[in-house]
Amino acid sequence: AYNEADLIKLKTLNACKQCDLSGVDLSGVDLSGANLTDTDLSYANLSQTILSEIDLTDANLNGANLMDTSFIDAHLGNTYLAGVNLSRANLSGVDFGDHDLTGANFTGANFTDANLESAYLADTNFTDAILVGVDLGGADLSGSDLSHADMSRANLRYADLRKANLTGTILRDSNLIGTNLAGANLATSDLKNAKLNGIRYCDTKMPWGEINEHCED
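Throughout what follows, the structure given in this document is the object of discussion. Throughout, a residue's number is its position along its own chain's written sequence, starting from 1. Given that this is a predicted model, residues contribute local features only at a pLDDT of at least 70 and side-chain atom pairs are listed and counted only at 80 or more, while totals for whole chains, interfaces and linings are drawn from all residues. The side-chain numbers reported here are obtained from all heavy atoms of the structure, hydrogens and water having been left aside.

Here we take up the overall build of the protein. For helices the rule is a DSSP run of H or I covering at least 4 residues; for strands it is a run of E covering at least 2, with both sets numbered from the N terminus onward. When its secondary structure is counted, the protein shows one helix and two strands. Each helix and strand of the protein, placed in order from N terminus to C terminus, yields the pattern α-β-β. Relative to the globule expectation of 17 Å for 217 residues, the C-alpha radius of gyration of the protein, 18 Å, shows essentially globular dimensions. Its C-alpha atoms give the protein principal-axis dimensions of about 60 × 30 × 20 Å. A total of 217 residues make up the protein; the buried ones form 47% of that total. Pairs at least 24 apart in sequence give 0% of the contacts found in the protein among residues at least 6 apart. Computed with the Shrake-Rupley method and a 1.4 Å probe, the accessible areas treat only the protein chains shown as cover for residues. Entry remark: accessible area of the protein is about 9,400 Å², with carbon and sulfur atoms responsible for 44%. When charges are counted, Lys and Arg are positive and Asp and Glu negative, with His and the chain ends excluded. Charged side chains are reduced to one point each, which is NZ for Lys, CZ for Arg, CG for Asp and CD for Glu. Of the side chains in the protein, 13 bear a positive and 31 a negative charge, and the two mean positions are spaced by 6 Å. The globule rule used for comparison is 2.2 Å times the number of residues to the exponent 0.38, while the radius of gyration itself is calculated over C-alpha atoms. Using a 1.4 Å probe on the protein chains alone, a residue whose accessible area is under 20% of its type maximum counts as buried, one over 50% counts as exposed, and one in between counts as partly exposed. Contact criterion: two residues are considered in contact whenever any of their non-hydrogen atoms come within 4.5 Å of each other.

The structure is reproduced here in structure tokens:
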């Protein structure tokens, strides 16, 4: 449980470094510009909270509820976010490069022009998310649900999309060069003008049929 003195400090100063705010309810609170460096916010309720320009460097947000939260210009260096609920959150332009976001819920979230290069995103839920122009180069998206997401102009170069669900996903003008699509379902994806060179196919469902070119490799 959170430390009551730490909560009072945050509300008074809009800052609380290395504090214990685990399990705290800050839903709907405006924390714009707050400094929560190295703070424990695990399992906290931050739904509909305004976190614009907040500093969450080295913070622990494991299992936190961040539904409908705004992260515009937030500082998230080395923030621990595995298993968080970020459904419908505004994450446009956020830098999650190399972050571990395994199992997170991003349903309907806005990631326009965000950096997710080399991020760990296995088994994440991106259903109906906006991923226009996002950088997912080298990211691990194995087993993720990207159904009906808008990934127009996304960079997926050398990403791992094994067993990913891309049903109805918009991939127009996206870069899929060198991706691993083994077991992935793109049967109803929009691939107009997408770059498809060097892809690894095995039990891969494409709009023109199933491809098994690399099952022996």
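So much for the structure itself; the text now carries on.
Before going further, it helps to spend a moment on the state of the cysteines. For this text, the term disulfide refers to a pair of cysteine sulfurs within 2.5 Å. Taken as a whole and judged by the stated rule, the model has two disulfides. Note on cysteine connectivity: Cys16 is disulfide-linked to Cys19, with sulfurs 1.8 Å apart. Taking the torsion about the sulfur-sulfur bond, which here is approximately -90°, the covalent link between Cys16 and Cys19 counts as left-handed. Between the sulfur of Cys202 and that of Cys215 lies a disulfide, 2.1 Å long from S to S.

The way to describe two aromatic rings as a pair is by their centre distance and the angle between their planes. Only the six-membered ring of Trp is used, alongside the rings of Phe and Tyr, when aromatic pairs are assigned; centres must lie within 6.5 Å, and planes under 30 degrees apart are stacked while those over 60 apart are edge-to-face, with the rest tilted. What the rule picks out here adds up to four aromatic pairs. When the ring of Phe106 is compared with that of Phe111, the centres are 5.0 Å apart and the planes differ by 90°; the resulting orientation is edge-to-face. Take Phe106 and Phe111: they sit in the same class, and that class is buried. By the ring-pair criterion, three or more aromatic residues cluster together here, those being Phe96, Phe106, Phe111 and Phe126.

Put simply, a nonpolar core is a bunch of buried Ala, Val, Leu, Ile, Met, Phe, Trp, Tyr and Cys residues held in one set by side-chain atoms that sit within 4.5 Å of each other. Leu91, Phe106, Phe111, Leu121 and Met151 are the most contacted members of the largest nonpolar core, which has 66 residues in total. Leaving out residues up to four positions away in the same chain, Leu91 has contacts with Phe71, Leu86, Phe96, Phe106, Ala109, Asn110, Phe111 and Ala114.

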